[in-house]
Structures are given as structure tokens and as C-alpha cells.
Amino acid sequence: MGQYIADGIILGATLSLGAIGLTLTYNILRFANFAHGELLTFGAYFGLALAGALSFGPTLGSLTFGWGFILVIILAAVLTAGLAILLDMIVYRVLRRSDVAVALVIASFGASLMLRNVVVFIWGPQPEYYSRSIAIARPILPGVRVTSDEIFVVVLAAVLMVALHLFLTRTRMGKAMRAVSDNTLLAQVTGINVANVIRMVWVVGGSLAAVGGVLYGLTVQMIPTMGFNLILPMFAAAILGGIGSVYGAVLGGLVIGLAESVSVMWIDPGYKPAVAFALMFLILLVYPSGILGERP
Amino acid sequence: MSEWALSVDEVVAGYVAGVDILRGVGLQVNAGEIVTVLGPNGAGKSTLIKVIAGLLRVRSGKVQLFGEDISDLPAHAMVAHGVGYVPQTNNVFPKLTVEENLEMGAYVRTREIRRGLEQVYETFPDLQRLRRHAAGRLSGGQRQMVAIGRALMLKPRLMLLDEPSAGLSPLLVGHVFDKVREVRDIGVTMLIVEQNAKAALAISDRGYVLAEGQDRVSGPAQELLENPEVGELYLGARRGLA
Amino acid sequence: MIGILSYVVFFLIQALVYSIVALGLNLQWGYTGLFNIGVAGFFLVGSYTFAILSGPAYSTHLGGFGLPIIIGVLGAMAAAGIIALVVGIPTLRLREDYLAIATIGIAEVLRLVALNAKGLTGGSRGAQSIPRPFQDVIQSNFWNNLVYLAIVVAVVILIYFALEAMVRSPWGRVLKAIREDEAAASSLGKNPFRFRLQSFVIGCVIMGLGGALNASFVGFVAPTDFLPILTFEIWAMLIAGGSGNNRGAILGSVLVWAFWTGTGSIAQAVLPSGLQVKGGALQVILIGVVLLGMLMVRPRGLIGEEAVVSREAQLGGDGRG
């Protein structure tokens with residue numbers, strides 16, 4: 001049981017990082033961005049390309065990577081943030097202004113499909129890994145074995161979330177983001193440059209998703225559909241936690257991660273995404289505003 | 001003639017194509033004045049203030065701020081010109097604390113926020129007490145204070161208030177208007193749009209009465225209170241409002 | 001000569017089967033403004049239900065009922081309708097985006113079930129030897145296809161006229177009212193939820209029908225037939241032809257299918273086998289680009305009529321005076 005919980009926390013870390021960006025764009029831009037999963041995918045694959053170009057340096061302790069990998073993570077996040085802004089500029093912003101409101105949801109679904117295929121086109125459909133070295137799983141508690149990489153994942157995710165909290169509560173831009181998320185019309189009237197804030201939302205959401213993607217690629221594997229496979233659990237996490245609440249997304253990510261992981265005790269692992277879906281369905285039935293969300 | 005703080009000239013505007021709500025409205029506000037715009041429902045008061053605040057396009061006519069043409073400026077640019085707008089509803093950031101709400105008011109000014117906060121807390125001591133509370137949890141009257149305080153943080157040259165008494169009990173209405181007068185005494189020019197004519201005119205210097213998209217009557221506040229035509233426009237009664 | 005004719009018949013059957021699905025989607029999106037991104041899932045339910053009910057006995061999984069094809073088709077439609085009810089009832093009361101998420105979810109879950117529940121569906125190998133009408137009576141492939149085409153055309157015409165009648169009926173007018181101004185419609189005593197649910201379920205039932213016809217025509221089904229790209233194809237057909245317009249749905253289906261198979265054949269012919277997968281990816285990207293381009297330049301599609309008004313609020317003031 002303890003092993004499942006540990007696995008759940010590790011998965012939850014990735015889901016939380018992805019769900020944060022999803023809940024922010026959903027709340028501020030008012031549409032469900034299905035292409036968000038592809039930000040994870042691209043983060044991972046940018047990381048792959050960069051890792052091929054740069055050298056890791058000698059591996060650190062029992063981790064499978066060296067200092068260079070940190071740089072890879074940062075650069076992958078930057079590139080993915082750029083991709084997110086590009087996506088907004090080319091696709092979403094144009095459609096926001098068109099008079100026929102073919103939903104942005106549909107466009108995001110199409111964009112997600114296309115982006116997946118871009119990955120297939122460039123890298124191919126086969127699974128990829130960052131390094132060939134085997135990660136040794138060591139016991140940290142009775143019955144619980146984790147690799148050092150996995151511990152790194154959880155630690156990094158936690159650090160990033162604390163950093164995000166500080167950003168949102170202590171910086172001018174962070175507060176502006178919360179203001180725009182809270183009452184967009186009033187934010188305009190208060191002189192906040194909403195267009196800038198929206199760009200920032202893509203940067204934050206995209207970077208976090210990218211890191212989530214790299215971490216997932218590090219501890220599991222990379223395939224072109226990885227983001228799409230995670231989009232349902234991420235939506236579930238965001239809805240569970242309450243759309244618009246960053247802290248809700250973190251909580252939701254953890255809950256979904258744990259649920260999916262623990263469910264393996266009773267059902268076929270092939271059905272894991274279905275667990276997330278079932279949970280999300282339940283929440284929509286019973287308490288649609290989510291745990292930390294506002295009343296609908 | 002010295003420059004008007006705000007000058008609205010024959011403004012025509014509306015929401016739906018082909019339907020004009022404002023049909024040639026004119027008014028002027030001197031620096032340091034409180035001017036109230038009154039009128040029955042549907043007269044176009046809220047539309048007028050939205051036009052001045054930059055939320056609605058001017059179809060014809062001009063709006064000038066201290067001589068500068070601001071007719072086509074969008075809402076977020078108005079702030080840079082020193083116009084603070086307090087909407088009627090949804091006028092706070094509910095999940096942010098009172099202090100954070102005020103800080104947002106000073107968003108375009110990155111300096112002297114501390115001083116600005118002190119000044120607002122001086123005028124609204126209740127807000128200092130409540131500064132760590134989420135704005136959405138406050139009562140209607142307190143939220144109104146936050147909204148006005150937020151606009152004040154801008155150190156605006158002109159403040160626009162859209163029905164500040166809406167939804168408030170009579171006691172609170174008096175309190176709010178007292179605060180409005182205090183704000184003017186600091187040196188802020190104010191344009192108020194109001195349903196509650198008596199309370200608003202009591203603290204105003206001058207007023208205008210809007211009906212069917214045009215300004216019908218104007219003059220010093222006291223005169224309007226006693227003018228029977230105003231009562232007619234409002235209530236169909238042959239009496240003044242006093 | 002026969003070869004070309006044969007190919008055209010084959011092509012038309014496939015395009016028209018998809019047009020049936022597109023018509024179902026049009027009822028949901030074009031007339032009711034619902035975001036169903038799980039089209040592939042309802043198509044899947046129709047296909048597999050038909051295979052199980054009317055197919056031969058399978059050694060590895062459920063089947064062998066050998067029911068007449070009509071029963072199989074009706075069963076397929078019913079199954080799709082039931083799933084639609086399960087998904088629709090909780091989600092249609094909420095924000096429109098939630099339906100999108102729920103439908104994409106159900107499509108994925110159904111695909112996972114098809115892939116993993118070997119006892120029910122045959123797992124990754126799927127079901128084979130699904131029967132076609134008259135397959136014992138008409139031996140010649142060519143004539144059988146022709147008959148099948150006739151059947152499909154008849155079904156398309158039937159559904160087209162049925163939908164047109166529905167849309168012009170009082171029911172359809174309420175639907176339009178709900179789409180344009182929900183508050184007003186509610187105040188007149190019409191329950192928007194019920195109408196949306198009806199529209200959603202009927203649309204999904206039609207998709208199930210399409211699934212059954214497809215399974216019968218192709219003869220076998222496998223989970224890989226029901227990936228999200230199928231949903232994307234149907235949406236592309238609807239958008240290209242013009243949403244809100246049933247003729248547009250049919251025309252769009254034929255055109256998009258022509259474009260799809262055309263580019264697919266070119267890619268297959270031109271690319272070496274090592275690059276086939278990448279060629280497929282490129283094909284999807286190109287189609288997506290063309291589609292997005294259409295959305296931006298000519299958003300009403302080729303025969304576009306009325307646009308679907310968005311229920312999203314606009315940024316910037318638009319209150320009452």
C-alpha cells in the first residue's frame with residue numbers, strides 16, 4: 001500500500017504542475033485548453049533535443065543525470081512558454097476575435113491533435129528516454145522503494161509550487177494575475193494591462209507544464225501521446241480542486257495521482273485514466289465547483 | 001474661461017447598432033467640483049458614465065479631460081490619464097484582501113504606494129482595520145469603501161462614481177456620501193451618477209438631469225432640489241425634490 | 001472501368017457513412033450549440049454493439065447472437081443513446097465546456113474498454129467477419145457494394161429529412177430559442193436542459209447508427225479505428241461544409257473524405273515505407289492547418305448559413321444603460 005501511495009505522490013507532482021496552468025487559462029481565458037497536454041509533451045521533447053545537444057556532465061550521486069540537466073529543464077521551460085504564447089497569438093487570439101464563435105474548445109482540440117503529430121513528424125512515434133542508465137530503486141520506508149530521480153521529481157515540484165505561491169502573493173505581476181482571474185472587467189478598468197497578464201499566464205502555465213513533462217519523461221518515458229494521456233487526469237485535477245484555484249489544482253493533482261495509483265490494487269492498470277474520469281464525473285455530479293473553487 | 005476638468009459635448013452613444021441611448025448629451029465639470037447626474041431609469045446615466053470611462057465607444061460628439069480629447073481612449077488607457085472609475089456592481093476583487101485591492105488601484109503607479117495607502121486609510125479608517133480580510137467577505141457598504149478607496153489610490157484627477165448608493169441602506173448611504181465629500185476635500189474632482197437624487201445633491205456643487213438620452217435641466221445643486229421641473233422629470237409630480 | 005466505378009462506390013459509401021455521423025453532430029453543435037468532442041466514442045459503441053449482436057460466434061469474446069442485421073443496428077443505436085444519457089444528464093446542466101471534457105473522457109474510456117476488456121470486445125484484435133446485408137444472396141463484391149451504397153444513401157436521405165422536419169417543428173424552434181437567448185426561453189417555461197438532453201441523445205443515437213453501418217460495411221472493428229482523430233475528421237467535415245446546415249454536413253463529409261483519402265494515397269505512393277508514419281502525421285498537420293485557415297477566413301464554411309451564437313460573455317462593458 002505504501003508503495004502505491006509513493007507512486008501516487010510522484011504522479012501527482014506531475015499532474016499538479018500541469019493542472020496549475022490548465023486552471024489558470026481556463027479561468028482567465030474562459031475556455032478549456034485541450035492543447036495543454038501538448039505543452040507537457042513539448043516540454044519533454046524540447047528537453048530531449050536539448051539533452052542531446054548539451055552534455056549532462058557527470059551524474060550526481062544516484063541520480064541519472066548531472067548538473068547540465070537543470071539547464072535543460074530551464075531551457076525546455078523557456079521554449080515551451082514561447083510555444084504557448086505562439087499558440088495563443090496564432091490560433092486562439094484570432095479566433096477570440098472572430099464573429100462566428102466556433103468554440104475555442106474545438107480549435108484547441110484540433111491544435112492538440114496537430115501538435116501531437118508534429119512531435120511524431122519530428123521525433124517519430126517510438127518511446128524515448130533521457131538516458132540509458134538504470135535508476136536503482138532504494139527502500140526509504142518499509143515496503144516503499146523509490147529511485148533518486150523520483151525523489152528529485154517530488155522535491156522540484158514542491159519547490160516550484162512554493163515559488164509560485166510567493167510569486168502570486170508577493171509580486172506585482174502575481175497579484176495582477178490573481179486580480180485578472182478574479183474580476184477581469186474590473187482589472188481592465190483599474191489599468192492593469194490584461195493582454196500582458198494573459199501572456200504571463202501562458203508563460204507560467206507553459207513553463208510549469210514543461211517541467212512536468214520533463215519530469216514525467218525522466219521517471220516514466222516519452223511518447224508523442226504522453227500529454228494527451230494526461231489531459232484527462234489534469235482536467236479532473238483542475239475541476240476537483242476548483243477551476244481558477246491554483247492551490248486547488250495542486251490538491252487535485254495529488255488526489256488524482258493517488259487515486260490512479262491506488263486503483264491498481266483493484267482494477268487493470270490499463271484503465272487508470274478511466275479512474276480519473278470517474279472521479280471527475282463524480283465531482284461534477286455532486287459538487288461541481290470543486291473543493292476550493294467559487295460557487296458556479 | 002479656465003479649462004473644464006471634464007467636458008462632454010453632444011455625445012451620441014449606444015450598445016446596439018442603430019439604437020442610440022445617449023442622443024446628444026453635454027455637461028461640464030470644474031476642477032474640484034462634485035457634479036451629479038440624475039435621471040429616471042433608462043435615461044442613460046450608466047451609459048454616460050461608461051462612455052466617459054472608455055468602456056463604450058462614442059458615436060459622435062467629444063469627451064475632453066482638462067482640454068485633451070479622450071473620446072476614443074479605451075478603459076485601461078483612461079487610468080493613465082488619471083481617471084478613476086468606480087463601477088456600480090462587481091467593483092472589488094473578491095478573493096484579494098482589502099489591502100491588495102487598494103494596491104491594484106495603484107497598479108500604474110509603482111512608487112509611493114505606501115503613502116497612497118496611508119492616505120486612503122486616513123480617509124477610511126475602517127479599511128485599515130479590515131485590510132487583511134478578503135474583499136468579497138465584506139458587507140455592501142464596506143465593499144463600496146474599498147471600491148472608492150481603490151480608485152483613490154490612483155491619485156486621480158477625476159473620479160467617476162456609478163450609483164454609489166446602490167443596494168445600501170439609508171444609513172449607509174449617508175455615510176458613503178460623507179466619505180465622497182471627504183474625498184473631494186482632498187482635491188479630487190468627482191462626477192457622480194445617481195438614482196438617489198436627494199442624498200447626492202446634498203453634497204454636490206452642481207447637477208444635471210438626464211432624460212431620454214439628453215440633458216434637460218442643469219444648475220447648482222440647491223436649485224435642482226427645489227426645481228419643480230426636476231420632480232416632474234423624475235416622478236411626474238408637480239413638486240420639487242426638497 | 002469497373003475498377004474506377006468500384007472505387008467510387010467504395011469511396012461514396014465511406015463518405016456517406018461519415019456524413020451520417022456528421023448529421024448527428026450537426027444537430028448537437030449546429031442547432032443546439034453543444035460541444036461533443038467524443039464523437040469517436042459513440043461511433044465505437046455503435047460499431048461494437050452491432051458486431052456483438054449480429055456477428056458470428058467469436059471464440060475469444062462475446063458474440064454469437066447472430067441476430068438479424070436490423071436488430072443489430074437498432075441495438076447499436078440504443079446503446080449509443082444510453083451512454084449519451086449517462087454522460088449528458090450530469091454535464092448538460094453545467095458550463096458548456098464541461099460537456100466537452102466529459103465527452104472526450106467518455107470516448108477515451110470507451111476506447112480503453114474496447115482495448116482491455118478482451119472478454120467483451122476481443123481486445124486489440126477486435127472483432128472480425130461482421131455481416132453485411134444480403135451477403136449470402138449477392139455473391140459479387142461489386143453488386144453487393146452497390147446495394148450497400150443504395151442502403152446508405154436511403155438512410156442518409158431519411159435522416160436528412162427527419163432532421164429537417166425536426167428542426168422546423170415547434171421542438172426545433174424552442175431549440176433555436178434556447179441557443180440564442182437561454183434566459184428568455186426559460187422565462188417562457190421551456191426547460192433548456194431537457195431540450196439539450198434530447199438533442200444530445202438523438203445526435204448520439206444517429207452516431208451509433210453510423211457506427212453500425214460502418215462496422216457492417218468494413219466487416220471488422222478494432223480499437224485503433226476509434227482514436228480522437230476520427231472525432232477530428234467529423235468536426236472537420238462539419239466545419240468545412242458549414243455548421244448549422246444539414247446539406248453542408250453531407251457536402252463537407254464528401255469533400256473532406258476526398259481530401260483525406262486523396263492526400264493519404266499520395267503520401268503512401270510517394271513516401272518510402274520507413275516514412276509512412278511520419279507521412280501520416282504530416283497529413284494530419286496539413287489538414288489541421290487548412291481547417292484552421294478556413295475557420296479564420298471563411299468561418300461559415302462552404303454553404304454556411306446561420307452562425308451559432310456564442311454564449312460566452314464578452315470582455316469589455318456591455319451592460320444596460
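Along every chain, residues carry numbers that run from 1 in the direction the sequence is written. Whichever chain is written first becomes A and whichever ligand is written first becomes 1, with later ones labelled in order. Under the rules for a predicted model, residues below a pLDDT of 70 receive no local features and side-chain atom pairs below 80 are neither given nor counted, while totals for whole chains, interfaces and linings still include all residues.

Visitor: Can you explain the overall build of chain C? Please cite residues and give values.
Guide: Labels follow the DSSP assignment, with helices taken as runs of H or I lasting at least four residues and strands as runs of E lasting at least two, numbered in each case from the N terminus. A tally of regular secondary structure across chain C gives twelve helices and zero strands. Overall, chain C shows an N-to-C arrangement of helices and strands of α-α-α-α-α-α-α-α-α-α-α-α. In this description the radius of gyration comes from C-alpha coordinates, and the expected globular size is given by 2.2 Å times residues to the power 0.38. The globule rule puts the C-alpha radius of gyration for 321 residues at 20 Å, and the 20 Å found for chain C is close to it. Three exposure classes are used, based on other C-beta atoms lying within 10 Å of a residue's own C-beta, which is placed from the backbone: buried for 20 or more, exposed for 12 or fewer, and partly exposed in between. For chain C, the residues scored as buried account for 46% of the 321 residues in total. For the purpose of contact definition, each residue receives a C-beta atom placed from its backbone, and two residues are in contact when these atoms lie within 7 Å. Long-range pairs, those at least 24 residues apart, make up 78% of the contacts in chain C with a sequence separation of at least 6.

Visitor: Can you break down the overall build of chain B residue by residue, with the values?
Guide: Helix and strand content of chain B: ten helices and ten strands. Over its C-alpha atoms chain B spans a radius of gyration of 17 Å, differing by no more than 12% from the 18 Å that the globule rule assigns to 242 residues. Structurally, chain B occupies a C-alpha span of about 50 × 40 × 35 Å along its principal axes. Considering chain B as a whole, with its 242 residues, one finds that 45% of them fall into the buried category. Taking the intrachain contacts of chain B between residues at least 6 apart in sequence as the baseline, contacts between residues at least 24 apart amount to 64%.

Visitor: Can you explain the interface of chain C and chain A? Please cite residues and give values.
Guide: Counting residues at the interface gives 40 residues for chain C and 38 residues for chain A. Every element with two or more residues in the side of chain C that touches chain A is listed here: α3 (69–91), α4 (96–116), α10 (228–241) and α12 (276–297) of chain C. Think of it as three bins: nonpolar holds Ala, Val, Leu, Ile, Met, Phe, Trp, Tyr, Cys and Pro, charged holds Asp, Glu, Lys and Arg, and polar takes everything else, Gly as well. Split into classes, the residues belonging to the side of chain C that touches chain A amount to 30 nonpolar, five polar and five charged.

Visitor: For helix α3 (residues 68–97) of chain A, give the residues involved together with the corresponding values.
Guide: One less than the residue count of a helix, multiplied by 1.5 Å, gives the span that helix is expected to have. An ideal rise of 1.5 Å per residue puts 44 Å on 30 residues; α3(A) measures up with 43 Å between its terminal C-alpha atoms. The bend at a residue is defined as the angle formed between two axes, one fitted to the seven residues ending at that residue and one fitted to the seven starting there. At A:Asp88, α3(A) is deflected by roughly 40 degrees, the largest bend along its length.

Visitor: Pulling in residues and values, what's your account of the sheet that holds strand β7 (residues 158–162) of chain B?
Guide: Residue and element names in this part refer to chain B. Strands are labelled as partners when DSSP assigns at least two bridges between them. Strands sit in the order β6-β7-β8-β3-β9-β10 across an open sheet of six strands; the sheet is mixed. On the outer flanks of this sheet lie β6 (83–86) and β10 (214–220), each paired with one strand and no other. Strand-to-strand, the axes of this sheet are offset by a mean angle of 15 degrees, without reference to chain direction. Relative to β7, β6 runs parallel, the two sharing four bridges. Residue Val83 lies in a different strand from β7, and its bridge partner there is Leu158. Sheet strands touched by helix α1 (residues 45–53): β3 (34–38), β6, β7, β8 (189–193) and β9 (206–211). Its angle to β7, the strand with the most contacts, is close to 150 degrees. Between N-to-C directions, angles span 0 to 180 degrees; the directions come from axes that are lines fitted to C-alpha atoms, helices contributing only their stretch in contact.

Visitor: Would you mind going over the sheet that holds strand β5 (residues 68–69) of chain B in detail, with residue names and values included?
Guide: An order of β2-β1-β4-β5 (chain B) is seen for the four strands of this open sheet, with the pairing classed as antiparallel. The two strands at the open ends of the sheet, each matched to only one other strand, are β2 (22–29) and β5 of chain B.

Visitor: Let's hear about the nonpolar core: which residues, and what values?
Guide: The biggest cluster of nonpolar side chains holds 276 residues, and the ones touching the most others in it are A:Ala236, A:Met280, B:Leu160 and C:Ala80. With 14 residues, the top contributor of residues to this core is helix α8 (residues 194–219) of chain A. Setting aside residues up to four positions removed in sequence, B:Leu160 forms contacts with B:Ile49, B:Ile52, B:Ala53, B:Val83, B:Tyr85, B:Val86 and B:Leu191. For our purposes the nonpolar core covers buried Ala, Val, Leu, Ile, Met, Phe, Trp, Tyr and Cys residues that link as a set through C-beta atoms within 7 Å.

Function cannot be read off these values alone, since they describe shape.
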